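Next come the chains, spelled out residue by residue.
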There are 2 protein chains.
Amino acid sequence: MKKLINDIANVLDESLDGFAAAHADLVAMDPGRRFVQRRTPAQAKVALVSGGGSGHEPLHAGFVGRGMLDAAVPGAIFTSPTPDRILAAIEAADTGAGVVLIVKNYEGDVMNFEMAAEMAEGEVARVLVDDDVAVDNSSYTIGRRGVAGTLVVEKILGAAAEKGMALPDLVALGARVNAATRSMGVALSSCTVPAAGIPTFQLGEDEIEVGVGIHGEPGRRRAPMVSADAIVAELLKAILDDLKPKAGSKCLLFVNGFGGTPSSELYLVFNAARKRLEVEGLSVARSLVGSYVTSLEMAGCSLTVTVLDDELTALWDEPVSTPALRW
Amino acid sequence: MKKLINDIANVLDESLDGFAAAHADLVAMDPGRRFVQRRTPAQAKVALVSGGGSGHEPLHAGFVGRGMLDAAVPGAIFTSPTPDRILAAIEAADTGAGVVLIVKNYEGDVMNFEMAAEMAEGEVARVLVDDDVAVDNSSYTIGRRGVAGTLVVEKILGAAAEKGMALPDLVALGARVNAATRSMGVALSSCTVPAAGIPTFQLGEDEIEVGVGIHGEPGRRRAPMVSADAIVAELLKAILDDLKPKAGSKCLLFVNGFGGTPSSELYLVFNAARKRLEVEGLSVARSLVGSYVTSLEMAGCSLTVTVLDDELTALWDEPVSTPALRW
């Protein structure tokens, strides 16, 4: 294992300290390093809190700021944060208008966010994200995994919360965005969790993992390496077969790098995916390309398609000011 | 070689098409794919044009937009763009107020940008960037290499040009920013140029290349892997010995990923570098962390330090709206 780290035990703390210092204009770290919150807390709006295992940076802490999350709770690498940390974030973020938790569908996250919600004094509701069409149940989930579509849910709900949407409407909107969103990914290499010291899985020189999870969980199949066009065709077929968008629909196409893939390849994949969606009768009205929901240094990418309507498009376009997403 | 590509001959075109489509709100591609320019050209200001070999994305095309470049000319991977392409970009960008070329110090770039400047009808001047302290001469340079500090020059000159600074003053400012800026990098792995199909260089399981160039050129020494703190200490010593900043100086600290290193490691490196600069009596007044000047999928990072004064700080803070840098 060759990584830019010091003591394995301190990897997360040192990285979070660097993150908080580099973005001190936008975010502030809880002194106990339990959560990251906005530098200037929002007033009188429903608070959005997310979190989960670390190793997916910039998700979630990189999306704390105006127009997106109010607080994010990082767990250890690929490990859910404990309920006490989540509770601390809920209490710090709640301005009296209640809190919506955005939770990726992994058993640990679901359980720990639920326990925190039960302990909280204020009103707390949950939006569950399970956008990954690759597998129905997996190593860490009952049902589908939540992956890169989480960003889409956080951005759109963030804009709606900023505009004053009430808690029950935010929960309904979150369910609607999740239902309009599907993802699937492919790995060209494994990642190595520092505390493990060895790659999470092994791929041959010419092999890929189709449908990989963001912790390196197995996907649908191990396959020989093929062209970007062929990979895109397989991922989009799985996504569209499940999403069943109406012909002529407008969509957001999000090409997400897993950490070890350069942006030039991601843009090439975007080009291939955009063309294919148009052949399928969809129009790519909004785009996002970058490494936003990662698996440490894993090479590969995922595709996410969200069917847009006027409301979702307008909320996607609303200003956002976070360390990792700004416009 | 396992990459998300189709035909090796079309890698650059397909990637550029994806880039232009994903950021069609900000940039436009020349129909002949010779250069990328702003979607809405600026009026009556000195134009800034940069470019160079591809493979360093988002440099340079990702920095085209309001507050930064007017046009960028991508060459083949790790290969300077030809003079005719540069000339086309100069002519498209010139509004009559002249053009400043921002050129990284590599022989091919220097020669081709000079030829284009000579062929141009309008006033054209050049700012040369040579911020890499690692080696004095190298595979492709007489003198020092231009690396991640190029981003700092492009951002600060971009802000000054937007505010109406005249051409000779921009050239002087560019020289001043370059003189206040030093960088040095370290590679943990090689990259693979698609057309070559094999890694540019070989590193052992536990080896690093200290002072590596952004094309995988050799640095100062091949060394055993050490901690992030030790790497940061060596890079910053080389930078500060050369830069000789006054005690108490404010600086910009830019931790740049080479493409294959996750942001969590970059933030950990930022944390280490910031602490060390403070021990050295410098104050980190501005920060940038991310993979901005890359070498395809190479793992590793570079550190860049720019000594700031009030003018440079204010220009750094000016709004910027490009695909890869926005605030």
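Preceding this section is the structure that the text describes.
Residues numbered from 1 in each chain as written. Chains lettered and ligands numbered in written order. Predicted model: local features only at pLDDT ≥ 70, side-chain atom pairs only at ≥ 80, totals over all residues. Heavy atoms only, no water.

## What to know about helix α6 (residues 228–243) of chain B
Counted at 1.5 Å a residue, the expected span for α6 of chain B with its 16 residues is 22 Å, and the 22 Å between its end C-alpha atoms agrees. Positioned one or two residues after α6 of chain B, K244 of chain B has a phi angle of 45 degrees, which is positive. (Helix = DSSP H or I, 4+ residues; strand = E, 2+ residues; numbered from the N terminus. Expected span 1.5 Å × (residues − 1).)

## Focus: the packing of helix α5 (residues 167–179) of chain A against helix α8 (residues 310–317) of chain A
Residue and element names in this part refer to chain A. Between α5 and α8, the shortest axis-to-axis distance is 12 Å and the interhelical angle comes to 100 degrees. Considered as vectors, α5 and α8 are oriented roughly perpendicular to each other. On α8, the residues touching L173, R176 and V177 of α5 are E311, L312 and L315. Taken together, the residues of the contact of α5 with α8 sort by class into four nonpolar, no polar and two charged. (Axes fitted to C-alpha atoms, helices over the stretch in contact; angles between N-to-C directions. Parallel < 35°, antiparallel > 145°, perpendicular 65-115°, else oblique. Contact = heavy atoms within 4.5 Å. Nonpolar A, V, L, I, M, F, W, Y, C, P; charged D, E, K, R; others polar.)

## What about a nonpolar patch on the surface?
On the surface, M111, M115 and M119 of chain A cluster together to form a nonpolar patch covering roughly 300 Å² of accessible area. Relative to the assigned elements, M111 of chain A resides in helix α3 (residues 107–119). (Patch = residues over 30% accessible without salt bridge, like charges linked within 9 Å, V, L, I, M, F, W, Y side chains within 5 Å. Areas by Shrake-Rupley, 256 points an atom, 1.4 Å probe, with all protein chains shown as cover. Salt bridge = Lys/Arg side-chain N within 4 Å of Asp/Glu carboxyl O.)

## A look at the sheet that holds strand β4 (residues 71–77) of chain A
Residue and element names in this part refer to chain A. Strand order in this open sheet of six strands is β1-β2-β4-β3-β5-β6, and the pairing throughout is mixed. In the strand order of this sheet, the two ends are held by β1 (27–29) and β6 (124–129), each with one partner. For this sheet the average axis-to-axis angle between neighbouring strands, irrespective of direction, equals 25 degrees. As judged from the three bridges shared by β1 and strand β2 (residues 36–38), these two strands associate in the antiparallel manner. Within the sheet, the bridge partner assigned to V27 lies in β2 and is R38. Packed onto the sheet, helix α2 (residues 83–93) meets β2, β3 (47–54), β4, β5 (99–104) and β6 and runs at close to 165 degrees relative to β4. Sheet contacts for α5: β5 and β6; angle to β6, the most-contacted strand, approximately 5 degrees. (Pairing = 2+ DSSP bridges.)

## Things to note about the packing of helix α4 (residues 149–162) of chain A against α5 of chain A
Helix-helix packing is characterised by the crossing angle of the two axes and by the distance between the axes. Residues and elements named next belong to chain A. Packing of α4 against α5 leaves a shortest axis separation of 10 Å and a crossing angle of 150 degrees. It follows from the interaxial angle that α4 and α5 lie roughly antiparallel. Crossing geometry of α4 relative to α5 is assigned as right-handed. For the pair formed by α4 and α5, the contact residues are V152, V153, I156, L157, A160 and A161 on the first element and L170, L173, G174, V177 and N178 on the second. For the contact of α4 with α5, the per-class residue count stands at nine nonpolar, two polar and no charged. (Left-handed = near helix turned anticlockwise from the far one by under 90°.)

## A closer look at the interface of chain B and chain A
Chain B puts 49 residues into the contact, and the matching count from chain A is 49 residues. The contact between chain B and chain A buries some 4000 Å² in all, and 59% of this surface belongs to carbon and sulfur atoms. Linking chain B with chain A are two salt bridges, by the criterion used here. Measuring nitrogen to oxygen at the nearest pair gives 4.0 Å for the salt bridge that ties E265 of chain A to K3 of chain B. In terms of residue count, helix α7 (residues 263–279) of chain B provides more of the side of chain B that touches chain A than any other element does, nine residues in total. (Buried area = accessible area lost by both parts, 1.4 Å probe.)

## With respect to the side chain of T304 of chain A
Residues and elements named next belong to chain A. Mapped onto the fold, T304 is located in strand β12 (residues 300–308). For T304, a relative accessible area of 0% translates into the label buried. Within the structure, the side chain of T304 is placed 2.6 Å from the side chain of S183, a separation counted as a polar contact. Among all residues touching T304, those that are not within four sequence positions of it are A148, G149, V152, T181, R182, S183, L252, L253 and F254. (Buried < 20%, exposed > 50% of the residue type's maximum accessible area, 1.4 Å probe, protein only. Polar contact = N/O pair within 3.5 Å; in protein donor to acceptor, adjacent residues only side chain to side chain.)

## Points about unusual backbone geometry
Note that the residue after L59 of chain A, namely H60 of chain A, is joined by a cis bond; omega there is -5 degrees. Looking at where H60 of chain A falls in the secondary structure, it is placed in the loop between β3 and β4. The amide bond that connects E57 of chain B to the next residue, P58 of chain B, takes the cis arrangement and shows omega of 10 degrees. Summarising the element assignment, P58 of chain B is placed in the loop between β3 (47–54) and β4 (71–77). A positive phi angle, near 45 degrees, is found at K244 of chain A, a position not held by glycine. In this fold, K244 of chain A is placed in the loop between α6 (228–243) and β10 (250–257). Among the residues examined, K244 of chain A registers a relative accessible area of 65% and is labelled exposed.

## Points about helix α1 (residues 11–22) of chain B
Between its first and last C-alpha, α1 of chain B extends 16 Å over 12 residues, near the 16 Å set by a 1.5 Å rise per residue. Turning to α1 of chain B, its buried residues number three or more, namely V11, E14, S15, L16, G18, F19, A20 and A22 of chain B. Those residues of α1 of chain B that are buried lie in contact with α7 (263–279) and β11 (283–290) of chain A together with β1 (27–29), β2 (36–38) and β4 of chain B.

## Considering the sheet that holds β4 of chain B
Residue and element names in this part refer to chain B. Judged by pairing direction, the sheet is mixed, and its six strands sit side by side in the order β1-β2-β4-β3-β5-β6 without closing on themselves. Of all the strands in the sheet, just β1 and β6 (124–129) have a single pairing partner and so form its edges. The mean inter-strand angle of the sheet, taken between neighbouring strand axes irrespective of direction, is 25 degrees. Summarising the sheet, strand β5 (residues 99–104) and β6 pair through six bridges and their orientation is parallel. Considered in β6, the bridge of L101 is made with R126. Lying on the sheet, α1 is in contact with β1, β2, β3 and β4; it crosses β1 at an angle near 145 degrees. Each of β3, β5 and β6 is contacted by helix α3 (residues 107–119), which is oriented at about 165 degrees to β5, the strand it contacts most.

## Details of the packing of aromatic side chains
In the structure shown here, the tally under the stated rule is eight aromatic pairs over all chains. Seen in terms of ring centroids, Y267 of chain A and F19 of chain B are 5.3 Å apart; in terms of plane orientation they differ by 80 degrees. Their pairing is edge-to-face. Of the two residues, Y267 of chain A is situated in helix α7 and F19 of chain B in helix α1; the pairing between them involves two chains. For the residue pair Y267 of chain A and F19 of chain B, the accessibility class agrees, reading buried in each case. Linked through ring pairs, F63, F254 and Y292 of chain A together constitute an aromatic cluster. (Phe/Tyr/Trp six-rings, centres within 6.5 Å; stacked < 30°, edge-to-face > 60°.)

## A closer look at the relation of the copies chain B and chain A
Superposing chain B onto chain A takes a rotation of 180 degrees plus a shift of 0.0 Å along the axis, which leaves an RMSD of 0.0 Å. In the structure described here, the two chain copies are related by an operation that fits a two-fold rotation axis. No C-alpha of chain B approaches the rotation axis more nearly than that of G260 of chain B, which lies at 2.1 Å. Comparing contact sets, 100% of the residues at the interface of chain B also lie at the interface in chain A, consistent with an isologous, same-surface contact. (Least-squares fit on C-alpha atoms with pLDDT ≥ 70 in both.)

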